[in-house]
Amino acid sequence: LMLMATAAAADLRRVGGVGTGGAGALRRRQQQKRKAAPAVASAPMTSAEQLAARAVGWRKTGVVSVRDEGTVALPVAVWEVGAAARTLDAGGNPALERLPAEGLRALCGLQRLRLSGCGLTAHGVPWDALPATLESLLLDANALEGALPAAVGTLRALRVLDVSHNALTSLPDAIGGLATMSALRADDNRLTELPMAMCACGALEELRVADNDLAALPAELGRCALLAVVAADGNGRLGVDGVPTTLLRAPRLHSLTLHGCSATAEQLRELSGWGEYDARRRARHSARLEGGVVGDNGLDEGVDAALHRRH
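Predicted model, so just to flag it, every value in this text is computed and none were measured.

Reading the values: rules and limits
Residues numbered from 1 in each chain as written. Predicted model: local features only at pLDDT ≥ 70, side-chain atom pairs only at ≥ 80, totals over all residues. Heavy atoms only, no water. Helix = DSSP H or I, 4+ residues; strand = E, 2+ residues; numbered from the N terminus. Buried < 20%, exposed > 50% of the residue type's maximum accessible area, 1.4 Å probe, protein only. Contact = heavy atoms within 4.5 Å. Areas by Shrake-Rupley, 256 points an atom, 1.4 Å probe, with all protein chains shown as cover. Core = buried A, V, L, I, M, F, W, Y, C linked by side-chain atoms within 4.5 Å. Polar contact = N/O pair within 3.5 Å; in protein donor to acceptor, adjacent residues only side chain to side chain. Expected span 1.5 Å × (residues − 1). Pairing = 2+ DSSP bridges. Axes fitted to C-alpha atoms, helices over the stretch in contact; angles between N-to-C directions. Salt bridge = Lys/Arg side-chain N within 4 Å of Asp/Glu carboxyl O. pLDDT = per-residue confidence, 0-100.

1. A look at the overall build of the chain
When you go through the chain residue by residue, the secondary structure sums to eight helices and eleven strands. Taken over 311 residues, the chain has a buried fraction of 43%. Long-range contacts, defined as pairs at least 24 residues apart, comprise 48% of the intrachain contacts of the chain with a sequence gap of at least 6. When the accessible area of the chain is evaluated, it comes to approximately 16,400 Å², of which 54% is carbon and sulfur surface.

2. Quick word on the nonpolar core
Among the nonpolar cores identified, the biggest contains 75 residues, and Leu 88, Leu 137, Leu 161, Leu 217 and Leu 256 are the most heavily contacted of them. Within the residue set of this core, elements represented by two or more residues are helix H3 (47–61), helix H4 (76–80), helix H6 (245–248), helix H7 (265–269) and helix H8 (274–290). The element best represented in this core is H4, accounting for three residues. Beyond its immediate sequence surroundings of up to four residues, Leu 256 is in contact with Leu 217, Val 230, Val 243, Leu 247, Leu 248, Tyr 277, Glu 301 and Gly 302.

3. Looking at unusual backbone geometry
Of note in the backbone geometry, Ala 141 takes a positive phi value of approximately 60 degrees without being a glycine. Structurally, Ala 141 can be placed in the loop between strand S4 (136–138) and strand S5 (145–147). In this model, Asp 188 sits at a positive phi of 55 degrees, which is unusual for a non-glycine residue. Inspection of the secondary structure puts Asp 188 in the loop between strand S8 (183–185) and strand S9 (206–208).

4. A few points about the side chain of Thr 71
Within the element layout of this structure, Thr 71 appears in the loop between strand S1 (63–65) and H4. Of note is the side chain of Thr 71, whose polar atom sits 2.6 Å from the backbone oxygen of Ala 73.

5. Quick look at H3
Over its 15 residues, H3 extends 21 Å from the first C-alpha to the last, a length consistent with the 21 Å expected when each residue adds 1.5 Å. Of the residues one or two after H3, Gly 62 is the one with positive phi, at around 80 degrees.

6. A few points about the sheet that holds strand S10 (residues 229–231)
Read across the open sheet, the nine strands follow the order S1-S2-S3-S4-S6-S8-S9-S10-S11; overall the sheet is parallel. Because the sheet does not close on itself, it has two edges, and the strands there are S1 and strand S11 (255–257). Between one strand axis and the next, the sheet turns through 5 degrees on average, direction left out of account. Here S8 pairs with S9 via three bridges, running parallel. Its bridge partner lying in S9, Ala 183 is registered against Glu 206.

7. Points about the side chain of Thr 87
Within the fold, Thr 87 resides in strand S2 (residues 87–89). Those residues in contact with Thr 87, other than ones at most four positions away along the chain, are Gly 62, Val 63, Val 64, Leu 110 and Arg 112.

8. What to know about the environment of Leu 110
Relative to the helices and strands, Leu 110 resides in the loop between helix H5 (101–106) and strand S3 (112–114). The buried category is assigned to Leu 110, whose relative accessible area is 0%. Along the primary structure Leu 110 and Pro 131 are separated by 21 residues, whereas in three dimensions their C-alpha atoms are 6.3 Å apart. Once residues within four sequence positions are removed from consideration, Leu 110 is found in contact with Ala 85, Arg 86, Thr 87, Leu 88, Pro 131, Thr 133 and Leu 134.

9. What to know about the environment of Val 209
Note that Val 209 resides in the loop between S9 and S10. Looking at Val 209, the relative accessible area reads 0%, which means it is buried. For the pair Val 209 and Leu 184, spaced 25 residues apart in sequence, the C-alpha to C-alpha distance is 8.4 Å. Beyond its immediate sequence surroundings of up to four residues, Val 209 is in contact with Ala 186, Asp 187, Leu 194, Leu 214, Ala 231, Ala 232 and Asn 235.

10. Some details on the pattern of salt bridges
All told, the structure shown has ten salt bridges when counted by the stated rule. Here the salt bridges share partners, and the residues they tie into one network are Arg 67, Asp 89 and Arg 114.

11. Points about the environment of Gln 267
For Gln 267, the position within the fold is in helix H7. Classification of Gln 267 as partly exposed rests on a relative accessible area of 35%. A sequence separation of 28 residues divides Gln 267 from Gly 239, and the C-alpha atoms of the two residues are 9.1 Å apart. Every residue in contact with Gln 267, bar those within four places of it in the chain, is listed here: Val 240 and Ser 262.

12. Description of the confidence of the model for the chain
Of the residues in the chain, 80% have a pLDDT of 70 or more, and the chain-wide mean is 87. Within the model, the stretch residues 12–20 combines pLDDT values under 50 with six contacts to residues more than four positions away or in other chains. Here residues 293–298 is a poorly scored stretch, pLDDT under 50, and it has seven contacts once near neighbours within four places are set aside; other chains count.

In C-alpha coordinates form, the structure reads like this:
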(Lines give C-alpha, C1' and ligand atoms only; values in the text may rest on other atoms or scores of the structure.)
Protein backbone atom coordinates (compact mmCIF):
# COMPACT_ATOMS: atom_id res chain seq x y z
CA LEU A 1 0.00 0.00 0.00
CA MET A 2 2.82 2.42 0.84
CA LEU A 3 4.41 1.79 -2.54
CA MET A 4 1.13 2.49 -4.30
CA ALA A 5 0.64 5.83 -2.41
CA THR A 6 4.17 7.00 -3.27
CA ALA A 7 3.66 6.25 -6.96
CA ALA A 8 0.33 8.11 -6.99
CA ALA A 9 1.90 11.21 -5.44
CA ALA A 10 4.67 11.15 -8.03
CA ASP A 11 2.08 10.97 -10.81
CA LEU A 12 0.24 13.97 -9.38
CA ARG A 13 3.48 16.00 -9.23
CA ARG A 14 4.22 15.18 -12.87
CA VAL A 15 0.89 16.59 -14.04
CA GLY A 16 1.16 19.61 -11.77
CA GLY A 17 -1.82 18.76 -9.62
CA VAL A 18 -0.32 19.13 -6.12
CA GLY A 19 2.98 19.44 -4.32
CA THR A 20 5.99 21.60 -4.97
CA GLY A 21 6.29 20.43 -8.56
CA GLY A 22 2.75 21.64 -9.30
CA ALA A 23 3.44 25.03 -7.72
CA GLY A 24 6.63 25.37 -9.75
CA ALA A 25 4.82 24.54 -12.96
CA LEU A 26 2.13 27.08 -12.12
CA ARG A 27 4.72 29.79 -11.57
CA ARG A 28 6.38 28.93 -14.87
CA ARG A 29 3.07 29.18 -16.74
CA GLN A 30 2.36 32.57 -15.12
CA GLN A 31 5.81 33.86 -16.11
CA GLN A 32 5.28 32.67 -19.68
CA LYS A 33 1.94 34.51 -19.82
CA ARG A 34 3.54 37.70 -18.56
CA LYS A 35 6.28 37.48 -21.19
CA ALA A 36 3.74 36.84 -23.91
CA ALA A 37 1.50 39.76 -22.87
CA PRO A 38 2.09 42.88 -25.00
CA ALA A 39 3.95 45.68 -23.19
CA VAL A 40 1.90 48.82 -22.59
CA ALA A 41 4.11 51.76 -23.52
CA SER A 42 3.64 54.99 -21.59
CA ALA A 43 2.59 57.91 -23.74
CA PRO A 44 5.41 60.42 -24.42
CA MET A 45 5.21 63.64 -22.43
CA THR A 46 3.94 66.66 -24.27
CA SER A 47 6.08 69.82 -24.41
CA ALA A 48 3.75 71.43 -21.88
CA GLU A 49 4.19 68.48 -19.50
CA GLN A 50 7.95 68.59 -19.94
CA LEU A 51 7.99 72.30 -19.19
CA ALA A 52 5.85 71.77 -16.09
CA ALA A 53 8.27 69.09 -14.89
CA ARG A 54 11.22 71.42 -15.45
CA ALA A 55 9.44 74.19 -13.55
CA VAL A 56 9.18 71.92 -10.51
CA GLY A 57 12.96 71.54 -10.55
CA TRP A 58 13.45 75.29 -11.05
CA ARG A 59 11.42 76.08 -7.95
CA LYS A 60 13.23 73.46 -5.92
CA THR A 61 16.77 74.55 -6.84
CA GLY A 62 16.22 78.23 -7.56
CA VAL A 63 18.14 77.81 -10.84
CA VAL A 64 16.14 78.48 -14.01
CA SER A 65 17.97 77.40 -17.18
CA VAL A 66 16.65 77.93 -20.70
CA ARG A 67 19.98 78.47 -22.40
CA ASP A 68 20.81 77.45 -25.97
CA GLU A 69 17.18 76.59 -26.79
CA GLY A 70 16.78 78.84 -29.83
CA THR A 71 13.81 80.57 -28.25
CA VAL A 72 12.34 83.88 -29.41
CA ALA A 73 10.53 84.51 -26.11
CA LEU A 74 11.04 82.92 -22.71
CA PRO A 75 8.14 80.68 -21.62
CA VAL A 76 5.64 81.96 -19.05
CA ALA A 77 6.75 79.15 -16.72
CA VAL A 78 10.05 81.00 -16.24
CA TRP A 79 8.35 84.04 -14.73
CA GLU A 80 5.97 81.89 -12.68
CA VAL A 81 8.92 80.64 -10.61
CA GLY A 82 8.72 84.07 -9.00
CA ALA A 83 10.60 84.82 -5.80
CA ALA A 84 12.04 81.28 -5.68
CA ALA A 85 14.39 82.04 -8.59
CA ARG A 86 17.98 82.91 -7.68
CA THR A 87 19.63 82.34 -11.07
CA LEU A 88 18.20 82.77 -14.56
CA ASP A 89 20.40 81.53 -17.41
CA ALA A 90 18.89 82.38 -20.79
CA GLY A 91 22.16 82.76 -22.69
CA GLY A 92 22.80 81.45 -26.16
CA ASN A 93 19.42 82.44 -27.60
CA PRO A 94 20.36 84.83 -30.45
CA ALA A 95 16.72 85.31 -31.49
CA LEU A 96 15.79 86.62 -28.03
CA GLU A 97 15.49 90.38 -28.55
CA ARG A 98 13.18 91.53 -25.74
CA LEU A 99 12.37 90.70 -22.12
CA PRO A 100 8.98 91.39 -20.50
CA ALA A 101 9.07 93.96 -17.69
CA GLU A 102 6.35 92.24 -15.66
CA GLY A 103 8.14 88.92 -15.93
CA LEU A 104 11.38 90.35 -14.58
CA ARG A 105 9.57 92.09 -11.73
CA ALA A 106 8.14 88.73 -10.70
CA LEU A 107 11.68 87.39 -10.11
CA CYS A 108 12.08 89.65 -7.11
CA GLY A 109 14.81 87.57 -5.46
CA LEU A 110 17.00 87.07 -8.53
CA GLN A 111 20.74 87.32 -7.91
CA ARG A 112 22.33 86.17 -11.18
CA LEU A 113 21.02 86.96 -14.66
CA ARG A 114 22.94 85.52 -17.62
CA LEU A 115 21.85 86.76 -21.04
CA SER A 116 25.13 86.21 -22.90
CA GLY A 117 24.92 85.60 -26.64
CA CYS A 118 21.35 86.79 -27.16
CA GLY A 119 20.01 89.45 -29.53
CA LEU A 120 19.00 92.02 -26.93
CA THR A 121 19.11 95.71 -27.76
CA ALA A 122 19.19 98.48 -25.16
CA HIS A 123 15.47 98.98 -25.77
CA GLY A 124 14.81 95.27 -25.37
CA VAL A 125 16.01 95.26 -21.76
CA PRO A 126 13.50 96.80 -19.30
CA TRP A 127 16.22 98.26 -17.09
CA ASP A 128 13.82 99.70 -14.53
CA ALA A 129 12.32 96.22 -14.03
CA LEU A 130 15.61 94.48 -13.25
CA PRO A 131 15.48 93.12 -9.68
CA ALA A 132 17.32 95.25 -7.13
CA THR A 133 18.75 92.01 -5.71
CA LEU A 134 20.90 91.34 -8.79
CA GLU A 135 24.56 90.65 -8.02
CA SER A 136 25.66 89.49 -11.48
CA LEU A 137 24.36 90.83 -14.81
CA LEU A 138 25.92 89.26 -17.92
CA LEU A 139 24.91 90.97 -21.18
CA ASP A 140 27.99 90.16 -23.24
CA ALA A 141 27.66 89.43 -26.97
CA ASN A 142 24.27 91.04 -27.52
CA ALA A 143 23.15 93.93 -29.74
CA LEU A 144 23.56 96.81 -27.28
CA GLU A 145 24.36 100.06 -29.10
CA GLY A 146 25.00 103.69 -28.16
CA ALA A 147 24.96 104.70 -24.50
CA LEU A 148 24.43 102.15 -21.77
CA PRO A 149 21.22 103.30 -19.99
CA ALA A 150 21.75 105.16 -16.72
CA ALA A 151 19.21 102.91 -15.00
CA VAL A 152 21.95 100.32 -14.58
CA GLY A 153 23.26 102.54 -11.79
CA THR A 154 20.24 101.68 -9.63
CA LEU A 155 21.37 98.06 -9.22
CA ARG A 156 23.12 98.78 -5.94
CA ALA A 157 23.77 95.11 -5.09
CA LEU A 158 25.57 94.45 -8.40
CA ARG A 159 29.02 92.87 -8.11
CA VAL A 160 29.71 91.82 -11.72
CA LEU A 161 28.62 93.71 -14.85
CA ASP A 162 29.61 92.28 -18.22
CA VAL A 163 28.65 94.27 -21.35
CA SER A 164 31.58 93.14 -23.49
CA HIS A 165 31.28 92.35 -27.21
CA ASN A 166 28.57 94.89 -27.99
CA ALA A 167 28.58 98.26 -29.76
CA LEU A 168 28.36 100.63 -26.80
CA THR A 169 29.79 104.11 -27.27
CA SER A 170 29.61 105.29 -23.66
CA LEU A 171 29.05 104.24 -20.06
CA PRO A 172 26.83 106.45 -17.84
CA ASP A 173 28.04 108.53 -14.92
CA ALA A 174 25.41 106.65 -12.91
CA ILE A 175 27.75 103.67 -12.95
CA GLY A 176 29.48 105.40 -10.06
CA GLY A 177 26.51 104.40 -7.94
CA LEU A 178 27.55 100.75 -8.11
CA ALA A 179 29.51 100.85 -4.87
CA THR A 180 29.63 97.04 -4.53
CA MET A 181 30.72 96.29 -8.10
CA SER A 182 34.01 94.37 -8.11
CA ALA A 183 34.26 93.58 -11.83
CA LEU A 184 33.35 95.64 -14.90
CA ARG A 185 33.91 94.02 -18.29
CA ALA A 186 33.34 96.20 -21.33
CA ASP A 187 35.83 94.74 -23.84
CA ASP A 188 35.17 94.98 -27.57
CA ASN A 189 32.84 97.97 -27.75
CA ARG A 190 33.20 101.47 -29.21
CA LEU A 191 33.99 103.39 -26.05
CA THR A 192 35.97 106.59 -26.54
CA GLU A 193 36.22 107.49 -22.84
CA LEU A 194 35.41 106.19 -19.39
CA PRO A 195 33.33 108.19 -16.87
CA MET A 196 35.25 109.91 -14.09
CA ALA A 197 32.44 108.82 -11.76
CA MET A 198 33.95 105.34 -11.78
CA CYS A 199 36.19 106.49 -8.95
CA ALA A 200 33.13 106.07 -6.68
CA CYS A 201 33.14 102.32 -7.36
CA GLY A 202 34.98 101.62 -4.12
CA ALA A 203 34.84 97.83 -4.45
CA LEU A 204 36.17 97.73 -8.03
CA GLU A 205 38.94 95.16 -8.40
CA GLU A 206 38.86 94.29 -12.11
CA LEU A 207 38.38 96.63 -15.08
CA ARG A 208 38.45 95.19 -18.61
CA VAL A 209 38.11 97.65 -21.48
CA ALA A 210 40.26 96.06 -24.20
CA ASP A 211 39.54 96.61 -27.90
CA ASN A 212 37.76 99.95 -27.67
CA ASP A 213 38.76 103.40 -28.91
CA LEU A 214 40.08 104.90 -25.69
CA ALA A 215 42.74 107.61 -25.81
CA ALA A 216 43.16 107.84 -22.04
CA LEU A 217 42.30 106.17 -18.76
CA PRO A 218 40.74 108.46 -16.14
CA ALA A 219 43.10 109.67 -13.44
CA GLU A 220 40.31 109.18 -10.94
CA LEU A 221 40.76 105.39 -11.22
CA GLY A 222 43.71 105.79 -8.85
CA ARG A 223 41.18 106.43 -6.10
CA CYS A 224 39.81 102.89 -6.40
CA ALA A 225 41.72 101.45 -3.47
CA LEU A 226 40.96 97.80 -4.33
CA LEU A 227 41.66 98.02 -8.07
CA ALA A 228 44.06 95.19 -8.98
CA VAL A 229 43.60 94.51 -12.70
CA VAL A 230 43.20 96.91 -15.62
CA ALA A 231 43.17 95.35 -19.09
CA ALA A 232 43.14 98.00 -21.81
CA ASP A 233 44.85 96.16 -24.68
CA GLY A 234 43.93 96.98 -28.25
CA ASN A 235 43.13 100.68 -27.75
CA GLY A 236 45.30 102.03 -30.54
CA ARG A 237 44.97 105.70 -29.52
CA LEU A 238 45.99 105.05 -25.92
CA GLY A 239 49.49 106.48 -25.51
CA VAL A 240 51.73 107.14 -22.56
CA ASP A 241 50.03 110.50 -21.95
CA GLY A 242 46.79 108.62 -21.37
CA VAL A 243 48.20 106.50 -18.55
CA PRO A 244 47.79 108.50 -15.33
CA THR A 245 50.46 108.23 -12.67
CA THR A 246 47.70 108.14 -10.07
CA LEU A 247 46.60 104.81 -11.54
CA LEU A 248 50.11 103.39 -11.28
CA ARG A 249 50.08 104.35 -7.61
CA ALA A 250 46.78 102.58 -6.88
CA PRO A 251 47.86 100.53 -3.83
CA ARG A 252 46.70 97.12 -5.08
CA LEU A 253 47.22 97.44 -8.82
CA HIS A 254 49.42 94.57 -9.99
CA SER A 255 48.29 94.03 -13.60
CA LEU A 256 48.07 96.80 -16.21
CA THR A 257 48.06 95.44 -19.77
CA LEU A 258 48.37 97.75 -22.76
CA HIS A 259 49.36 95.45 -25.62
CA GLY A 260 48.38 96.92 -28.96
CA CYS A 261 48.27 100.48 -27.60
CA SER A 262 50.46 103.44 -28.55
CA ALA A 263 52.37 103.43 -25.28
CA THR A 264 55.63 101.48 -25.20
CA ALA A 265 57.41 99.79 -22.33
CA GLU A 266 60.28 102.27 -22.49
CA GLN A 267 57.92 105.21 -22.20
CA LEU A 268 56.01 103.73 -19.27
CA ARG A 269 59.21 103.02 -17.34
CA GLU A 270 59.84 106.77 -17.31
CA LEU A 271 56.53 107.56 -15.63
CA SER A 272 56.40 108.58 -12.00
CA GLY A 273 54.86 105.71 -10.04
CA TRP A 274 56.07 102.98 -12.41
CA GLY A 275 58.65 101.71 -9.92
CA GLU A 276 56.00 101.20 -7.22
CA TYR A 277 53.66 99.47 -9.66
CA ASP A 278 56.46 97.30 -11.07
CA ALA A 279 57.40 96.11 -7.57
CA ARG A 280 53.82 95.01 -6.90
CA ARG A 281 53.63 93.35 -10.31
CA ARG A 282 56.80 91.34 -9.71
CA ALA A 283 55.79 90.37 -6.18
CA ARG A 284 52.45 89.09 -7.46
CA HIS A 285 54.13 87.06 -10.19
CA SER A 286 56.60 85.54 -7.72
CA ALA A 287 53.80 84.54 -5.37
CA ARG A 288 51.85 82.86 -8.18
CA LEU A 289 55.03 81.15 -9.40
CA GLU A 290 55.79 79.77 -5.95
CA GLY A 291 52.22 78.58 -5.57
CA GLY A 292 52.33 76.76 -8.90
CA VAL A 293 49.55 78.93 -10.34
CA VAL A 294 51.67 79.96 -13.34
CA GLY A 295 54.62 78.42 -15.11
CA ASP A 296 58.05 79.97 -15.32
CA ASN A 297 57.61 81.42 -18.82
CA GLY A 298 58.95 84.82 -17.99
CA LEU A 299 57.17 87.89 -16.68
CA ASP A 300 55.02 89.70 -19.22
CA GLU A 301 55.54 93.43 -18.74
CA GLY A 302 52.01 94.00 -19.99
CA VAL A 303 52.96 96.36 -22.78
CA ASP A 304 54.67 96.11 -26.16
CA ALA A 305 58.41 96.75 -26.22
CA ALA A 306 58.05 98.94 -29.30
CA LEU A 307 55.24 100.69 -31.10
CA HIS A 308 53.75 98.51 -33.83
CA ARG A 309 52.65 100.80 -36.59
CA ARG A 310 49.73 99.78 -38.72
CA HIS A 311 50.14 99.99 -42.46
